[in-house]
Structures are given as C-alpha cells and as structure tokens.
Amino acid sequence: GNGGPGEDGRMDAVTKAYLSAIKGEPTVVSENQAPKEEQCMYVQEVSTAGPAAHIGLQRGDLICSIDGVPASKALAPQSSSSVELCRGEHSIECFCAASQQRKRFQVADGVALGLLVQPTLAAARTLLEEDPSNWELLYILWQQGEW
C-alpha cells in the first residue's frame, strides 16, 4: 500500500544509514575562490535522502575532487550515473555555488552519494582532447550549444 507507517520507518532507516556514512561536519576549505572548472563535475540532481543532500549540495554546485584527484578524472566513466564510491573512506571537495564556499567532507566506504553528475563544459572540452570519439561528451557540449 501507499503511505503506510512501515514505509516511513524504512525511510528513516535509509536516512540514518546515510547520515552515519558522513564523518563529522563538512569543513570549509576556502571562500569566494572558484575552482578550476575543467577539473570539476557539475551536480545535475541530488536525491533527497542521500549524503549529498544532507551536506547541502544542490543542482549547479561543483564536485572538485575526490581523494585529491580532480573529479573530472575520478568520476568521468560514470558521468551520467549515480556516484558510488567504494573501498575505504573518501575525502570529497565540493564548491557550493550559493555560498561560494569550497567544502571538504569525509564519506564512509561503499556509500552512494545520491548524486547525478556530468562534466562541466570546460571539463568536457578537456576530456574530449584526450578522447575525441566520446559521444557522451560531444552530447554534453551539443546540449549547451558548444559543438
């Protein structure tokens, strides 16, 4: 059935599991210092109960790096799927467009962040130089009227 109390209970469990996946509060790394866009992934969608939403990530924010690796490299293969991170704890840096703050947060092993990402235009151009036949990147540029 729809909207039974059992479903709410399950939702709570999911949310609790997500929240325990984030280690402490995000720390602000810098203010008003935009990252290099060609190394970033653009946040397209945030699932409401996921860690990304809890941290305050919104559509239009940027994921800068994962474990010090530029996000465009770390996440490029899954450019249009939900971001799943496995193997140990991860340190993720993001740039929040609204607050113009760059934040870093730790996420536990094997947790889906609940994000849809795609390369920024600058990242797509850079990645295309390395992989000219990547139709996904061409499509992103075409969508933005850049190709």
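To start, this report covers the structure provided alongside it.

A few points about the packing of helix 4 (residues 121-130) against helix 5 (residues 135-143)
The geometry of helix 4 relative to helix 5 is characterised by a closest axis approach of 9 Å and an angle of 140 degrees between their N-to-C directions. Accordingly, the angle class assigned to the pair helix 4 and helix 5 is oblique. Handedness of the helix 4/helix 5 crossing: left-handed. For the pair helix 4 and helix 5, contact is made by Leu121, Ala124, Arg125, Leu127 and Leu128 and by Leu137, Leu138, Ile140 and Leu141, respectively. Its residues placed into classes, the contact of helix 4 with helix 5 shows 8 nonpolar, no polar and 1 charged.

With respect to the pairing of strand 6 (residues 90-96)
Counting buried positions over the 7 residues of strand 6 gives 7, a clear majority of the element. The alternating pattern of strand 6 places His90, Ile92, Cys94 and Cys96 on one face and Ser91, Glu93 and Phe95 on the opposite face, and all of these are buried. Pairing of strand 3 (residues 62-66) with strand 6, which is carried by 4 bridges, proceeds in the antiparallel orientation. Across the sheet, Ser65 pairs through a bridge with Glu93, a residue of strand 6.

Focus: helix 4
Restricting attention to buried positions, one finds in helix 4 the residues Ala122, Ala123, Ala124, Leu127 and Leu128. The elements touched by buried residues of helix 4 are helix 3 (71-74), strand 8 (111-119) and helix 5.

Let's talk about helix 5
Every α-helix winds through 3.6 residues per turn, so residues three or four apart in the chain are directed the same way. Along helix 5, the residues that are buried comprise Leu137, Leu138, Ile140 and Leu141. Down the axis of helix 5, the smallest arc covering the buried residues is 160 degrees, so these residues share one side. In this structure, helix 5 carries Trp135 and Trp142 as exposed residues pointing more than 90 degrees from its buried face. At the N-terminal end of helix 5, a side-chain oxygen is found 3.0 Å from the backbone nitrogen of Glu136, two or three residues along, and the residue is Asn134. Gly145, located one to two residues past helix 5, shows a positive phi value of around 70 degrees.

Re the pattern of salt bridges
Per the stated rule, a full pass over the model turns up 3 salt bridges. A salt bridge links Arg102 to Glu93, with the shortest nitrogen-to-oxygen separation between them at 2.7 Å. Look at Glu93 and you get buried, because its relative accessible area is 10%. In the salt-bridge network here, residues are joined through shared partners; they are Glu93, Arg102 and Arg104.

Quick look at the environment of Ala112
By secondary structure assignment, the location of Ala112 is in strand 8. When its relative accessible area of 19% is taken as the criterion, Ala112 is described as buried. C-alpha separation for the pair Ala112 and Gly50, spaced 62 residues apart in sequence, amounts to 7.6 Å.

Some thoughts on the environment of Leu113
Residue position: Leu113 is located in strand 8. Assessed through its relative accessible area of 2%, Leu113 is described here as buried. Measuring from C-alpha to C-alpha, the distance between Leu113 and Ile22 comes to 9.7 Å, with 91 residues separating the pair along the chain.

Conventions used here
- Residues numbered from 1 in each chain as written.
- Predicted model: local features only at pLDDT ≥ 70, side-chain atom pairs only at ≥ 80, totals over all residues.
- Heavy atoms only, no water.
- Axes fitted to C-alpha atoms, helices over the stretch in contact; angles between N-to-C directions.
- Helix = DSSP H or I, 4+ residues; strand = E, 2+ residues; numbered from the N terminus.
- Parallel < 35°, antiparallel > 145°, perpendicular 65-115°, else oblique.
- Left-handed = near helix turned anticlockwise from the far one by under 90°.
- Contact = heavy atoms within 4.5 Å.
- Nonpolar A, V, L, I, M, F, W, Y, C, P; charged D, E, K, R; others polar.
- Buried < 20%, exposed > 50% of the residue type's maximum accessible area, 1.4 Å probe, protein only.
- Pairing = 2+ DSSP bridges.
- Arc of directions from axis to C-beta.
- Polar contact = N/O pair within 3.5 Å; in protein donor to acceptor, adjacent residues only side chain to side chain.
- Salt bridge = Lys/Arg side-chain N within 4 Å of Asp/Glu carboxyl O.

In short, shape yes, function no, at least from these values alone.
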